[in-house]
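Residue-level structure breakdown
In case you want the letters, here they are:
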Amino acid sequence: MFKRILNFFLRDISGFFRDNIFILMILMPILIVIIIRFFIPTVETSSISFAVDDSVGQEFASMLEDYGNIVEYDSPERVKERVGGTDDIIGITRDGDQYVIILEGNEKEEIKEIAAIVIDDILREEPAAEIIHRQVGSSKSLFREYSAIMAVLMIIFIQGMLMAFYIIEEKESKVIYAIAVSPLRLWEYIFARWLLVAITGTVVSIIASLILMGTSVSYMLLLVGAVFSSSLAMVVGLLIGGLAGNQISGIAIMKVLNLVIFLVPLGAIFVHDPYQYFFYPFPNYWVFRILKNIFIGTGSTGDFWLSCGITLVSSIIILVILLPFLKRRIQIR
Amino acid sequence: MKRFINLFKQDTRVIIRSGLHYAVIFVSVMFIILINFVIPESLEVKSNEFFYDGTQGKILEPFLLAGGVETDSIFSNYDDFIGALEENGDSIGIQLEGSAENARFTIFSQNTESIKNINLEEAVLESILENIRGTVGPPNYRVENLREEAPPIPFNKNLIPVFLTYEVVALGFLLIAVMIFQEKAEGSIHAYRVSSSGTAIYILSKVAIFTLIAVLYGVITTVSTAGFNIDYAVLLLLMILASIFMTLLGLLVSIFFKNISEFLFVTFGVLLIMQLPAISYINPTFAPGFIKWIPMYPVLFGLREALFSTGKQNYLFPYLITLIAGIVIIFAACYFAVRKRLMRSGL
């Protein structure tokens, strides 16, 4: 039994090497996280931008630079032209003794207030109050943590989708009939494929996490979390692979499922904690929660294990429901 | 023309046989339900600011309450304040001590912040204190709006351009690739090679079918979520051009891969880059130069202007030029790549 699983697993591995998929499987996610990593400092240090002209004077312009990025123009017309562009940028010019804040008209209320507050602050002769800064916690940048969560989530589910397209290819090339007449049973087929999803998903997730987060996360928890999460990715892969008759239908089903797979975690990032129960029925929410426990560490160890347990149990329940259907579609005993 | 129509009909049959239209209808209906009935018009974003008013006479609290700060974000007990900060890893805390004349603010930060943003926070706090003291002088500035102030776009409707850009317009990117791989696997590409139709017709037929699907998909979704009172001419123009661009890009990339499994990884990378302008869309003050060069940037903002006009003039022309130039370049690249790798080689 284990020999059959191992043989089938090794057959997949050799197929991956033959098709250069292993190279892409490792390289592409790494490339993606490198792009994210390159992008993170730009977002973290992003600030408001001001377009100014000569009329405000060099001293004012350099003081303005303490609050945001400055783009200098030679006339108020050029400043207006820039303010009229796609992004939100505050124009400041001077008309006699008065500063002129130039806005497009579609900016958020906070942008208008900020412009006035900054001018007041620059012109204030004495500081109005003593202000002290205290850094508390571990000085995290949540953009980095959430990027890591979404990247790892994507990596794990891509492995499931890759498996789906392997199943579709096996169906299209009739290889599935050869598997069907072999001694391999359906659950062994599923287990061998889960092994593949779990190993590749975990390895690539760890590499991605090392690039994005360095050594600031527990890799033991990530290893466990990725293995548990891969159970759901495997179920998604089986669902797509089982339902689709060809690659185009595979993509069509993937599109529908992706809507749920990626929108639920994205929604959970922005929704208030008391309303998180709205996401509880979605199994992928618990994958997100596993990763949140690993990368942000807001929950307890109990919460991590609870999320792992719910992910595994919900994957098994879906698999049991799918089993009769999969037997018909994949045609393995 | 007849050859084009025949191939177009054939490609349409392949698409219908695959059941893609069911997926498109399902996603469209889901989005329409989400926009019209589930996602609210205004989103109550997580409050991540906590205040501790440690002043004699609690001078900060009434000012904050008048400004709309929720009562559960204002603490009168220091330990509770610190506890709330520790529980919410993404929050910042503001503490005010002393009196109005001799005030001392403490900002408790948990996240990495740039010095510019710290200066902005300080400016805001000093402005708050001046308001509490009642020492705000006459403004030494005036505000000039280039156009009439536009009404804020409801949160749910603001998602329509994002859906149109990343779901509707990007549809062809993935699907044309799958179609190519399927044709390779089924061997129909070999049959096409020996037919008298040329490379251009092969490309145009596929581009036409996916552009048509995108337009139907986009129009149905837009009518059902944004209604009729929008600039459909501009919307259609942008959707058609952007869809052609994305479909050609999908074709160009897919030619260099053997199967969908290889292509899938590249797809996620390309789509990730294409999605970067969405950050600028959510936060328009964030627009580094390289983001503006990504073709989805003008599409996203152009569609927003077509849907929720702010009276912006002359915005469309540069967007169209960018897209048309992109299409011309990518079509030429596609033509040569398809001829070399699909029509001639043994792939």
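Residues numbered from 1 in each chain as written. Chains lettered and ligands numbered in written order. Predicted model: local features only at pLDDT ≥ 70, side-chain atom pairs only at ≥ 80, totals over all residues. Heavy atoms only, no water.

Comments concerning the domain arrangement of chain B
Selection rule: Each domain's extent was defined by an automatic or database domain assignment.
You can read the domains of chain B as domain 1 (2-40 + 154-341) and domain 2 (49-133). A separation of 47 Å is found between the C-alpha centroids of domain 1 of chain B and domain 2 of chain B.

Brief notes about the pairing of strand 1 (residues 49-53) of chain A
Residue and element names in this part refer to chain A. Stated precisely, the cut-off is as follows: Note on classification: 1.4 Å probe, protein chains only; a residue is buried when its accessible area is under 20% of the maximum for its type, exposed when over 50%, partly exposed between these limits. A helix here means a DSSP run of H or I that spans at least four residues, while a strand means a run of E at least two residues long, and both kinds are numbered starting from the N terminus. A crossover gets the label right-handed when its path from the first strand over the helix to the second runs clockwise, viewed with the strands pointing away from the viewer.
With five of five residues buried, strand 1 is to be regarded as a mostly interior element. The alternating pattern of strand 1 places S49, A51 and D53 on one face and F50 and V52 on the opposite face, and all of these are buried. The parallel pair strand 1 and strand 2 (residues 69-73) is bridged by helix 3 (residues 58-64), and the resulting crossover is right-handed.

As for the sheet that holds strand 5 (residues 141-145) of chain B
Spelled out, the test is: When DSSP finds at least two bridges between two strands, those strands are taken to pair. All axes here are fitted lines through C-alpha atoms, helices being fitted over the stretch that makes contact, and every angle between N-to-C directions spans 0 to 180 degrees. Any two residues having at least one pair of non-hydrogen atoms within 4.5 Å are treated as being in contact.
Pairing in this open sheet of five strands is mixed, and the strands run 2(A)-1(A)-3(A)-4(A)-5(B) from one edge to the other. The open sheet terminates on both sides in strands that have one partner only, identified here as strand 2 of chain A together with strand 5 of chain B. For this sheet, the mean angle separating the axes of adjacent strands, direction not counted, is 25°. Pairing of strand 3 (residues 90-95) of chain A with strand 4 (residues 98-103) of chain A, which is carried by five bridges, proceeds in the antiparallel orientation. The partner of R94 of chain A across the bridge, within strand 4 of chain A, is Y99 of chain A. Along the sheet, helix 4 (residues 76-83) of chain A contacts strand 1, strand 2, strand 3 and strand 4 of chain A together with strand 5 of chain B; its crossing angle with strand 3 of chain A, the most-contacted strand, is approximately 160°.

Quick word on a nonpolar patch on the surface
For the record, the criterion: Each patch is built from residues lacking any salt bridge and having more than 30% relative accessible area; the joining distance is 9 Å for like charges and 5 Å for nonpolar side chains (Val, Leu, Ile, Met, Phe, Trp, Tyr). Computed with the Shrake-Rupley method and a 1.4 Å probe, the accessible areas treat only the protein chains shown as cover for residues. Within this document, salt bridges are pairs made up of a side-chain nitrogen of Lys or Arg and a carboxyl oxygen of Asp or Glu, the two lying within 4 Å of each other.
Where nonpolar side chains cluster on the molecular surface, the patch consists of Y275, Y277, F278 and Y280 of chain A together with I25, V29, I33, F37 and V38 of chain B and spans about 960 Å² of accessible area. Assignment of secondary structure puts Y277 of chain A in the loop between helix 10 (247-270) and helix 11 (283-295). Since its relative accessible area comes to 52%, Y277 of chain A is described here as exposed.

Notes on the packing of helix 8 (residues 186-213) of chain A against helix 9 (residues 219-243) of chain A
All names here are of chain A. Let me state the cut-off plainly: An angle below 35 degrees is treated as roughly parallel, one above 145 as roughly antiparallel, one from 65 to 115 as roughly perpendicular, and anything else as oblique. Note on convention: the crossing is left-handed when the near helix lies turned anticlockwise from the far helix by less than a right angle, right-handed when the turn is clockwise. Polarity classes work like this: nonpolar for Ala, Val, Leu, Ile, Met, Phe, Trp, Tyr, Cys and Pro, charged for Asp, Glu, Lys and Arg, and polar for all others, with Gly in that last group.
Where helix 8 contacts helix 9, the two axes come as close as 8 Å, and the packing angle between them is 135°. With respect to their mutual orientation, helix 8 and helix 9 come out oblique. Considering only the axes of helix 8 and helix 9, their crossing is right-handed. Contacts between helix 8 and helix 9 pair I190, W194, V197, A198, T202, S205, I206, S209 and L210 from the former with Y219, L222, L223, A226, V227, S230, S231, A233, M234 and L238 from the latter. Tallied by class, residues from the contact of helix 8 with helix 9 come to 14 nonpolar, five polar and no charged.

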